Amino acid sequence: MISRRIFVVALAAAPLSASLPALAASPANPIKMFDTDNDGTLDVAEVKKAASALFAKLDRDHDGTLDKRELAGRLSAKELRAADPDHDGTLTADEYLAVVEQRFNAANPDGDGTLDAKELATRAGQALLRLLR
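Just so it is clear, the structure is predicted and the values come from calculations on it, not from any experiment. (Residues numbered from 1 in each chain as written. Predicted model: local features only at pLDDT ≥ 70, side-chain atom pairs only at ≥ 80, totals over all residues. Heavy atoms only, no water.)

Explain the side chain of Thr65 to me, please; I cannot follow it from the model alone.
Here Thr65 shows up in strand β2 (residues 65–67). Since its relative accessible area comes to 14%, Thr65 is described here as buried. For Thr65, the contacting residues outside a window of four places in its chain are Phe55, Asp59, Glu70, Thr90, Leu91 and Thr92. (Helix = DSSP H or I, 4+ residues; strand = E, 2+ residues; numbered from the N terminus. Buried < 20%, exposed > 50% of the residue type's maximum accessible area, 1.4 Å probe, protein only. Contact = heavy atoms within 4.5 Å.)

Teacher, can you tell me more about the packing of helix α3 (residues 44–58) against helix α6 (residues 93–106) here?
Packed helix pairs are specified by the crossing angle of their axes together with the interaxial distance, meaning the distance between the axes. Following both chains from N to C, one finds α3 and α6 inclined at 140°, their axes separated by 10 Å at the closest point. Classified by the angle between their axes, α3 and α6 sit oblique to one another. Helix-helix and strand crossings are classified by hand; for α3 and α6 the assignment is right-handed. For the pair formed by α3 and α6, the contact residues are Val44, Val47, Lys48, Ala51, Ser52, Leu54, Phe55 and Leu58 on the first element and Ala93, Tyr96, Leu97, Val100, Glu101 and Phe104 on the second. Its residues assigned to classes, the contact of α3 with α6 shows 11 nonpolar, one polar and two charged. (Axes fitted to C-alpha atoms, helices over the stretch in contact; angles between N-to-C directions. Parallel < 35°, antiparallel > 145°, perpendicular 65-115°, else oblique. Left-handed = near helix turned anticlockwise from the far one by under 90°. Nonpolar A, V, L, I, M, F, W, Y, C, P; charged D, E, K, R; others polar.)

Any chance you could explain the pattern of salt bridges here in plain terms?
For side chains bearing opposite charge, pairing can occur when the charged atoms are close. Evaluation of the coordinates by the stated rule reveals three salt bridges. A salt bridge links Asp67 to Arg69; the nearest nitrogen and oxygen atoms lie 3.8 Å apart. Where Arg103 meets Glu79, a salt bridge forms, and the shortest distance between an N and an O atom there is 3.0 Å. Placement of the pair is Arg103 in helix α6 and Glu79 in helix α5 (residues 77–83), with a sequence separation of 24 residues. Classification of Arg103 by relative accessible area gives buried; the value is 10%. Under the relative-accessibility criterion, Glu79 is labelled partly exposed at 33%. (Salt bridge = Lys/Arg side-chain N within 4 Å of Asp/Glu carboxyl O.)

Honestly, unusual backbone geometry in this entry has me stumped. Any pointers?
Trans is the prevailing form of peptide bonds, just as negative phi is the prevailing case for residues other than glycine. A positive phi angle, near 55°, is found at His62, a position not held by glycine. For His62, a relative accessible area of 67% translates into the label exposed. The phi dihedral of His87 falls on the positive side, at around 55°, and the residue is not glycine. Here His87 lies in the loop between α5 and β3 (90–92). Exposure remark for His87: the relative accessible area of 66% places this residue in the exposed category.

Interpretation note: all reported values are geometric properties and have no functional meaning in isolation.
What follows is the structure, encoded as C-alpha cells:
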C-alpha cells in the first residue's frame, strides 16, 4: 500500500518537475514588460522610460551617476569609455539614455521608430535589452 502511494505521488509530481526547468529558462517578454501603449512594439519613449527606471534602481549610492560597479556588466569597459564624454568613469542619466537611444536605433534597421519581437531578438536588440533589465 505504501509503495502504491509513493508511485501515485511521483506520477502527480512528474509533470510539474519536468516543466520547472522550462519555466526557469524562459525570459520575460520584453514587449509586454515595457509596452505602455499596448501596441505590440516598443518605441524610443517606452525604451527610455524603462531605462530611466533602471538607472534609478542601479544608482545605489544615489549620486546621479552609474559607475562600472553599478552598471554590473551592462556595458563593457570600452563601451563605457565611449559613452562617457567627460571621461569621469561614470554615466549620468543623460549619458545613459544617449547609449540607450543609440542601441535603439541600431536595433531598428527599418527605421520605423518601433521595435518588434523579431528586432529585439537580434544582437543589437539584445544589447539594448541589457540596458533595460
